[in-house]
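Geometric and topological summary
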Amino acid sequence: VPAILGMLLVVTGCTVTTPGGQNPETRRQNINAGVDNALAELYRQVPGSKEMVTNARGVLVFPAVLSAGFVFGASHGEGAMREGGRTTGFYRQTGGSWGLQAGAQSQAVFILFMTKEAFDNFNSSSGWTAGANASVTMLSAGANAQATTSTVQQPVVGYVLSNGGLMAGLTLDGTRISRLDL
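This one's a predicted model, so the numbers in the text were calculated from it and none came from an experiment. Counting starts from 1 at the beginning of each chain's written sequence and moves along it residue by residue. pLDDT decides what is reported in this predicted model: residues at 70 or higher carry local features, side-chain atom pairs at 80 or more are listed and counted, and totals for whole chains, interfaces and linings draw on all residues regardless. Derived side-chain values reflect all non-hydrogen atoms in the structure, with water molecules and hydrogen atoms excluded from consideration.

It is worth spelling out helix α2 (residues 24-45) at this point. Secondary structure elements are defined from DSSP: runs of H or I of at least 4 residues count as helices, runs of E of at least 2 residues count as strands, and each element is numbered from the N terminus. Given a helix with a known number of residues, its expected span is that number minus one, times 1.5 Å. An ideal rise of 1.5 Å per residue puts 32 Å on 22 residues; α2 measures up with 31 Å between its terminal C-alpha atoms. Polar contacts, as used here, are pairs of N or O atoms within 3.5 Å; protein pairs need one atom able to donate a hydrogen and one able to accept it. Residues neighboring in sequence count only if both atoms are side-chain atoms. Put simply, N23 is the residue that caps the front of α2, since its side-chain oxygen is 3.0 Å from the backbone nitrogen of E25.

Here is the structure:
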């Protein structure tokens, strides 16, 4: 167990620190490049996702959320808010969990604010927590993984994409999102 906890600290510690000498402009460029790639992959793999993103008031994209744990777990990632296709802010996502889990993985997380009220609530918060500040309806994975009519009407919806494709049965509850000062 100490070795696993040490691994968890190393993995999450590496993602929290800024690479040596990386200035804010380079960091913004790297995050934006990751967001562009993650959105392109989402559009390629998930029919209907481009229309969902286009219709959202804003979409938070975290291209590489690293998760690791053994019984207790942690996750961390950096991303950007896109409004109308352009970046309007940079954010950090952190989370914790406990239960039957072991290992590490990286996944892309997309949080779409479909209503003005949900988007305004996010923007007016000093820190936003999924499940506490708003429920995030996860879009179901299936043969074609398209959003249903009832899902599209939800205030906040999300996708989680791994190397294996759209992930099912996940929740973002407890995920904390805060603004990065870049």
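Further remarks concern the pattern of salt bridges. Only one rule defines a salt bridge in this text: a Lys or Arg side-chain nitrogen within 4 Å of an Asp or Glu carboxyl oxygen. If you walk through the whole model with that rule in mind, you get six salt bridges. With a shortest N-O distance of 2.9 Å, D36 and R82 are connected by a salt bridge. Of this pair, D36 sits in helix α2 while R82 sits in strand β1 (residues 58-83), and the two are 46 residues apart along the sequence. Note on exposure labels: buried denotes an accessible area under 20% of the residue type's maximum, exposed denotes more than 50%, and partly exposed covers the range between, all computed with a 1.4 Å probe on protein chains only. Accessibility expressed as a relative area gives 42% for D36, which makes it partly exposed. Judged by relative accessible area, R82 falls into the buried class, the value being 9%. Between R44 and E41 there is a salt bridge; the shortest N-O distance is 2.5 Å. Of this pair, R44 and E41 both sit in helix α2, three residues apart, which is roughly one turn of the helix.

Here we come to the side chain of R82. Polar contacts involving the side chain of R82 include one to the side chain of N32, which spans 3.3 Å. Note on contacts: a residue pair is in contact if any heavy atoms of the two residues lie within 4.5 Å. Once you skip the residues sitting within four places of it in the chain, R82 turns out to touch N32, V35, D36, L39, G58, V59 and T87.

Generally speaking, soluble globular proteins have nonpolar side chains that are buried together. Within this scheme, the nonpolar core is defined by two criteria: the residues are buried Ala, Val, Leu, Ile, Met, Phe, Trp, Tyr or Cys, and they are joined through side-chain atoms within 4.5 Å. Ranked by internal contacts, the top residues of the largest apolar core, which has 22 residues, are L42, M52, V61, F110, L112 and Y159. Contributing elements (two or more residues each) for this core: α2, α3 (49-55), β1, β2 (86-113) and β5 (156-162). In this view, F110 contacts A38, L39, L42, L60, V61, V157, G158, Y159 and L161; residues no more than four positions away in its chain are not counted. The next biggest cluster of nonpolar side chains, apart from the first, holds 17 residues, and it includes F122, V136, L172 and I177.

Read these as spatial facts, not as claims about activity.
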